Amino acid sequence: MRLPSPRQANAFFAPLKRKTTTFVVEGREVNLHLAQFLIGLASVLKWRVLVLDTGAFYAANAISVSEKQPDNQKRGVIIRIPTNDLRLEEWLVDSILTKYELLIVDDMNSLHHLLGFLEKRSGGRKLHFIGRTLSYFARSENRTVVLNLYKNVMDSAPLGESSRSLAKYADLVVSVELQDSFIRFRCNQGRAWANNFFSARI
């Protein structure tokens, strides 16, 4: 992973500040590169980064990312994993109130399952509350909130309709792909960057 410049970091994050952004990824490899890219940019700006590793029960995504980051990029990163002795909603609210400039929820598909969205009627209301809380907190506290969402799960049945609704809680929805040695972003909901497109060498 190339070390980004402050100019590149500011250019990327400028339209995302005070907003929630859902990044839609094709698979775990893209998600890992995305997380590394985001943490690398944040480290250049000396931002505090909070990663909510809701996927830890399934693949420990954030921990894998952290292990691959250079030491100078790990200093401002805190990874939090849900515990069995604390209700998930309480853990999320407590995490949201923590001090940070960048919040990464990795990933929304796992959060979807942990909230029991498909099995309990209250799951949808919980997810709606969390989405609105994140959006409000991003605007009022000048935070940048990122929600990672797997597209291959989002488009599959029977999860498709419920997962697709996860994206609607964000101000921006951005698709992510790897091509050659570049990571490319296209904003499909809302407005971000010139022509709603951003590309960086990795």
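Provided above is the structure to which this section pertains.
To keep things clear, this report deals only with the structure shown in the data block. (Residues numbered from 1 in each chain as written. Predicted model: local features only at pLDDT ≥ 70, side-chain atom pairs only at ≥ 80, totals over all residues. Heavy atoms only, no water.)

Following both chains from N to C, one finds helix H1 (residues 6–13) and helix H2 (residues 28–44) inclined at 115°, their axes separated by 9 Å at the closest point. Of the two possible hands of crossing, H1 and H2 adopt the one that is left-handed. Residues Pro6, Gln8, Ala9, Phe12 and Phe13 of H1 touch H2, and the partners they reach there are Phe37, Leu38, Leu41, Ala42 and Val44. (Axes fitted to C-alpha atoms, helices over the stretch in contact; angles between N-to-C directions. Helix = DSSP H or I, 4+ residues; strand = E, 2+ residues; numbered from the N terminus. Left-handed = near helix turned anticlockwise from the far one by under 90°. Contact = heavy atoms within 4.5 Å.)

For the bond from aspartate 106 to aspartate 107, the omega torsion is 10°, close enough to zero to count as cis. Among the structural elements, aspartate 107 can be located in the loop between strand E4 (102–106) and helix H6 (108–114). With a phi angle near 60°, arginine 18 is a residue other than glycine that sits in the positive phi range. Relative to the helices and strands, arginine 18 is located in the loop between H1 and strand E1 (20–25). Despite not being glycine, asparagine 142 shows a phi value in the positive range, around 55°. In this structure, asparagine 142 sits in the loop between helix H7 (121–140) and strand E5 (144–150). Classification of asparagine 142 by relative accessible area gives partly exposed; the value is 48%. (Buried < 20%, exposed > 50% of the residue type's maximum accessible area, 1.4 Å probe, protein only.)

Taken as a whole, H1 has its buried residues at Ala9, Phe12 and Phe13. Across the axial projection of H1, the buried residues extend over an arc of 85°, all falling on one side. (Arc of directions from axis to C-beta.)

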